[in-house]
Amino acid sequence: MQQIDASAGLHYTSTADLDALLDECRGRVLGVVGFGKPLRESKAIASTWVDMPVIGTDQAYEVWTSADPVQNVTRECIRSARNAQILFGCVEIPEDPHSDYDALIYDTYCRIFDHLDELGHSHLIRIWHYLPDIHRDERALERYKRFSLGRHEAFVAKGRAISKDAPAASAVGKRPGNTVICFLAAPHRGIPIENPRQVSAYSYPQQYGPRGPTFARALFASWDDLGQLYISGTAAIAGHRSQHEGDAHAQAVETILNLRSIMDEANASGLMDASQNADLLFKVYLRRPDLRAIAEAQLREAFGPSPSILYLQADICRRELLLEIEVVCAAGSRAS
Ligand code: 3EB
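Everything in this summary refers to the structure shown in the same document. (Residues numbered from 1 in each chain as written. Predicted model: local features only at pLDDT ≥ 70, side-chain atom pairs only at ≥ 80, totals over all residues. Heavy atoms only, no water.)

### Quick look at the site of the ligand
The full set close to the ligand counts 14 residues, and Tyr144, Arg151, Tyr204, Arg217 and Cys317 are the nearest of them. Here an oxygen atom of the ligand sits 2.5 Å away from a polar atom, N or O, in the side chain of Tyr144. Separating an oxygen atom of the ligand from a side-chain N or O atom of Tyr204 is a distance of 2.7 Å. When the free accessible area of the ligand is taken as 360 Å², the share hidden by the protein chains comes to 100%. Put simply, the parts of the chain that give the shell around the ligand at least two residues each are helix H3 (143–157) and strand S11 (168–174). Here the residues of the shell around the ligand are counted per class, giving nine nonpolar, two polar and three charged. (Near = heavy atom within 4 Å. Polar contact = N/O pair within 3.5 Å; in protein donor to acceptor, adjacent residues only side chain to side chain. Areas by Shrake-Rupley, 256 points an atom, 1.4 Å probe, with all protein chains shown as cover. Helix = DSSP H or I, 4+ residues; strand = E, 2+ residues; numbered from the N terminus. Nonpolar A, V, L, I, M, F, W, Y, C, P; charged D, E, K, R; others polar.)

Here it is in structure tokens:
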């Protein structure tokens, strides 16, 4: 039988291996996020489904596990599981033709902040937004820009500082239907890391929307003896401008330069031990499935043959961007 890695942290798994992993981690599962053709959902654990094609297979799962037993809570449609150091949560928001998308996001974010404040894990560490029809024009404003607006307003309303409290984030398109948001939160702030090659996202000029996207380029946090660097969705942006329009190869190269630059910043600040080989988990969002070979070749060249990579087909928030890559760098002792 195959050895199951049941240590705390993030695991990618297939449908065939999911049950064995969940069995092995019974009572210690923080959350499960399924991608691809909708299959099934568990009532007992904090889990959600993202209707977004997985490239190369029908389904794939992210499984977050805790070192200690977790407590599950469902309130106001938000499902979460937590231990003393970390909380995983998820929420699915149905399409509502009667409200503006910024209002929908504002309400949801406010509910998330209330949920976190109630449970004593007030600080968002990492958040994933899966938005249907991300490019749709809604009363003269693209949906992604309405999303950024609602998110910003919720940070302000709930007393969060835009730069100091911004989590690491991804925001990508999913198939039409619900909006899915998943997050990690903790009792203490993470340590934000910006990228010297890029303008901070929350300082983008107005051309990208009336309110900038509230996220940090990366956030470092420790829980369950794991030092983890969460690198936000990263694309071929230098300064605040998209680079290499129409050239997927050049965008992949530019994106990897940005990832490297963020990792270098984390190393320089002493958060990560550069001499120790961090465990890298990548999620690659590609506008078209045929771009996979290009992204894969560049990632293997830059990071070697070993990293785990999940390829998903998704619209990226700027139309000219062909790919976006996020990373979880686990630097701690992953004792197994
Ligand atoms: C960028 O760098 C690319 O709005 O939460 C990446 C990660 C992007 C997160 C977000 C957007 C977000 O601006 C887009």
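From this point, the narrative continues.
### A short note on unusual backbone geometry
What you tend to see is this: most non-glycine residues have negative phi, and most peptide bonds are trans. Of note in the backbone geometry, Ala140 takes a positive phi value of approximately 70° without being a glycine. Note on placement: Ala140 falls in the loop between strand S9 (137–138) and strand S10 (141–142). According to the relative accessible area criterion, Ala140 is exposed, its value standing at 76%. (Buried < 20%, exposed > 50% of the residue type's maximum accessible area, 1.4 Å probe, protein only.)

### Considering the sheet that holds strand S13 (residues 191–193)
Sheet strands line up and pair through hydrogen bonds in the backbone, either parallel or antiparallel. One open sheet accounts for six strands, arranged S13-S14-S15-S20-S18-S19; its pairing is mixed. Strands at the two margins of the open sheet, each flanked by one partner only, are S13 and strand S19 (308–313). Neighbour to neighbour, the strand axes of the sheet diverge by 20° on average, direction disregarded. Two elements, strand S18 (residues 279–286) and strand S20 (residues 323–330), share eight bridges in a ladder whose sense is antiparallel. For Lys283, the partnering residue across the bridge sits in S20 and is Glu326. (Pairing = 2+ DSSP bridges. Axes fitted to C-alpha atoms, helices over the stretch in contact; angles between N-to-C directions.)

### A word on the sheet that holds strand S12 (residues 179–186)
Strands sit in the order S5-S6-S7-S12-S8-S11 across an open sheet of six strands; the sheet is mixed. Edge positions in the sheet fall to strand S5 (71–75) and S11, since each of these pairs with one other strand and no more. Taking each pair of neighbouring strands and ignoring which way they run, the sheet shows an average axis angle of 15°. Pairing between strand S7 (residues 87–93) and S12: seven bridges, direction antiparallel. Its bridge partner being in S12, Gly89 is matched across the sheet by Phe183. Most of the contacts of H3 go to strand S8 (residues 123–132), to which it runs at about 155°, and overall it touches S8 and S11. (Contact = heavy atoms within 4.5 Å.)

### Focus on the pairing of S12
Of all eight residues in S12, eight are buried, a share of seventy percent or more. Side chains Thr179, Ile181, Phe183 and Ala185 of S12 all project onto a buried face; the interleaved residues Val180, Cys182, Leu184 and Ala186 project onto the opposite face, where all are buried too. Across seven bridges, S8 lies against S12 in antiparallel orientation. Across the sheet, Arg126 pairs through a bridge with Leu184, a residue of S12.

### A closer look at the nonpolar core
One finds Trp64 and Tyr130 to be the most contacted residues of the largest nonpolar core, which totals 74 residues. If you tally residues by element for this core, the top one is helix H2 (residues 101–119), at nine residues. Excluding residues that lie within four positions of it along the chain, Tyr130 makes contacts with Phe35, Val50, Met52, Glu62, Val172, Lys174, Asn178, Thr179, Val180, Cys182, Lys283 and Tyr285. In terms of nonpolar packing, the next biggest core, distinct from the first, is built from 30 residues, Ala252, Met263, Ala295 and Leu322 among them. (Core = buried A, V, L, I, M, F, W, Y, C linked by side-chain atoms within 4.5 Å.)

### So, helix H5 (residues 292–303)
Taking 1.5 Å of rise per residue, the 12 residues of H5 would be expected to cover 16 Å, and the 16 Å separating its terminal C-alpha atoms lies within 8% of that figure. Along H5, the residues that are buried comprise Ala295, Gln298, Leu299 and Phe303. Looking straight down H5, one finds its buried side chains confined to an arc of 105°; they lie on one side. Across from the buried face of H5, at angles greater than 90 degrees, the exposed residues are Ala293 and Glu301. Gly304, located one to two residues past H5, shows a positive phi value of around 85°. (Expected span 1.5 Å × (residues − 1). Arc of directions from axis to C-beta.)

### Description of the pattern of salt bridges
According to the stated counting rule, one finds 24 salt bridges in the structure shown. Arg319 is the partner of Glu142 in a salt bridge, and the nearest nitrogen-oxygen pair spans 3.8 Å. Here the residue Glu142 occupies a position in strand S10, and Arg319 occupies one in the loop between S19 and S20, the gap between them amounting to 177 residues. We classify Glu142 as buried; its relative accessible area is 13%. With a shortest N-O distance of 3.5 Å, Glu153 and Arg211 are connected by a salt bridge. Here Glu153 is found in helix H3, whereas its partner Arg211 is found in the loop between S13 and strand S14 (218–223), with 58 residues between them in sequence. You can call Arg211 partly exposed: its relative accessible area is 34%. Overlapping salt bridges, with partners in common, bring together Glu95, Asp133, Arg136, Glu138 and Arg143 in one network. (Salt bridge = Lys/Arg side-chain N within 4 Å of Asp/Glu carboxyl O.)

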